[in-house]
Amino acid sequence: MALTLFGPANVLRDTADMLGLGEALAVASVEPSAPVLQDGFRPGEINAQAGAAAVDAATRAIEATQRGRFDAVVAAPHHETAIAQAGIVFSGYPSLVARVCGQPEDSVFLLLIGGGLRIVHVTLHESVQHALGRLSPKLVADAAHAGVRALARLGIDTPRIALMGINPHAGEGGLFGTEDGAITEPAAAQLRAKGLDVTGPAGGDMLLASRAHDLYVAIFHDQGHIPIKLLSPQRASAISIGADVLLSSVGHGSAMDIAGKGVASARAMIETVAMLGHVAAPATTKGRAP
């Protein structure tokens with residue numbers, strides 16, 4: 001498995017020297033992206049240059065993978081405030097992958113893997129009010145189908161799927177709201193009509209407690225992130241699924257409080273690289289890959 005690094009050459013070099021990894025970097029293949037000026041290279045500080053460089057590096061890697069040079073992309077944690085300060089519209093790697101691949105942003109979803117769980121998110125980095133306005137049976141079903149395709153590439157061909165509800169207890173038959181009756185219940189019916197094994201919609205707490213499913217479909221960001229980070233805080237993988245390019249980051253943040261100190265755990269990144277190294281690239285970029 002050959003690896004290529006995309007990023008600001010000066011930052012990669014200076015960081016490697018600072019951490020005593022200069023020899024390792026010297027034998028790696030590096031493709032430079034937008035540079036970060038010396039006064040902008042301050043580990044642990046939010047900086048617009050760094051935000052722009054992160055997006056540029058990921059974009060170049062995605063484009064190169066689209067052209068068939070690579071099988072997959074593993075992206076380091078990003079800092080959304082730094083990216084916003086650079087004036088870049090960004091709501092996570094799934095939206096970036098979709099944009100670079102020329103797909104609608106709501107066709108690419110986040111799949112978190114960790115702690116024995118696989119959770120695909122219907123909505124992600126947005127207010128709950130905004131997410132509710134976007135929800136539809138089709139969007140929920142699309143997220144589940146993307147998860148099913150992703151699991152097939154990971155070796156699970158007939159997954160047991162658990163669909164979380166929008167409201168507590170999935171609305172309790174309308175007692176706690178009518179949204180599930182209008183959105184998640186029709187989505188579940190659509191999925192079953194396609195021959196998929198679907199439980200729910202039901203309360204996420206009950207579904208997760210059973211640990212009886214291969215794929216969980218979370219409606220909102222925190223529904224999926226909290227259990228993964230509770231069970232696997234520094235070992236989770238975060239895969240953007242539904243696009244022609246397979247990209248994964250890690251399930252933790254950028255740890256600004258310890259940035260540049262050489263004490264952060266690389267375990268999640270190492271395990272993510274290893275996981276994608278065993279996933280075959282799609283035969284063509286014309287169809288939908290995970």
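Residues numbered from 1 in each chain as written. Predicted model: local features only at pLDDT ≥ 70, side-chain atom pairs only at ≥ 80, totals over all residues. Heavy atoms only, no water.

Student: For this particular structure, what's the right way to read the overall build of the protein?
Tutor: Along the protein, the regular secondary structure elements total 12 helices and 10 strands. Its C-alpha atoms give the protein principal-axis dimensions of roughly 60 × 40 × 30 Å. Relative to its full complement of 290 residues, the protein shows a buried share of 44%. Within the protein, residue pairs in contact and separated by at least 24 positions form 71% of the contacts whose partners lie at least 6 positions apart. Accessible surface, the protein as shown: approximately 13800 Å² in total, 56% of it carbon and sulfur. Averaging the positions of the 21 positive and the 26 negative side-chain charges in the protein gives two centres separated by 5 Å. (Helix = DSSP H or I, 4+ residues; strand = E, 2+ residues; numbered from the N terminus. Buried < 20%, exposed > 50% of the residue type's maximum accessible area, 1.4 Å probe, protein only. Contact = heavy atoms within 4.5 Å. Areas by Shrake-Rupley, 256 points an atom, 1.4 Å probe, with all protein chains shown as cover. Lys, Arg positive; Asp, Glu negative; His and termini not counted. Charge placed at Lys NZ, Arg CZ, Asp CG, Glu CD.)

Student: Can you help me understand the packing of aromatic side chains in this one?
Tutor: Aromatic ring pairs are defined here through the distance separating the ring centres and the angle between the ring planes. Within the structure shown, the criterion is met by two aromatic pairs. With a centroid separation of 5.8 Å and 80° between ring planes, the pair formed by phenylalanine 6 and phenylalanine 70 is classed as edge-to-face. Of this pair, phenylalanine 6 sits in strand β1 (residues 4-7) while phenylalanine 70 is found in the loop between α3 (48-66) and β3 (73-74), placing the two residues 64 residues apart along the sequence. Neither residue differs from the other here; phenylalanine 6 and phenylalanine 70 are each classed as buried. Centroid distance phenylalanine 90 to tyrosine 93: 6.0 Å. Interplanar angle 90°. Geometry classified as edge-to-face. Taking the relative accessible area as the measure of exposure, phenylalanine 90 reaches 13% and is therefore buried. For tyrosine 93, a relative accessible area of 8% gives the class buried. (Phe/Tyr/Trp six-rings, centres within 6.5 Å; stacked < 30°, edge-to-face > 60°.)

Student: Is there a simple way to explain the sheet that holds strand β8 (residues 215-218) in this structure?
Tutor: Taken together, eight strands build an open sheet; the order of strands is β3-β10-β9-β4-β5-β8-β6-β7 and the sheet is mixed. Because the sheet does not close on itself, it has two edges, and the strands there are β3 and β7 (197-202). Where strand β4 (residues 109-114) lies against strand β5 (residues 117-121), five bridges are found, and the strand directions are antiparallel. Across the sheet, residue glycine 114 finds its bridge partner in β5, namely leucine 117. Of the strands in this sheet, β6 (160-164) and β7 are in contact with helix α9 (residues 184-193), which crosses β7 at around 175°. Where helix α11 (residues 221-231) meets the sheet, it contacts β4, β5, β6 and β8, and its direction lies at approximately 155° from that of β5. (Pairing = 2+ DSSP bridges. Axes fitted to C-alpha atoms, helices over the stretch in contact; angles between N-to-C directions.)

Student: For this particular structure, what's the right way to read the environment of glycine 87?
Tutor: As for its placement among the helices and strands, glycine 87 is situated in the loop between α4 (80-85) and α5 (93-101). On the basis of relative accessibility, which here comes to 64%, the residue glycine 87 falls in the exposed class. Taking the C-alpha atoms as reference points, glycine 87 and tyrosine 216, separated by 129 residues in sequence, lie 34 Å from one another.

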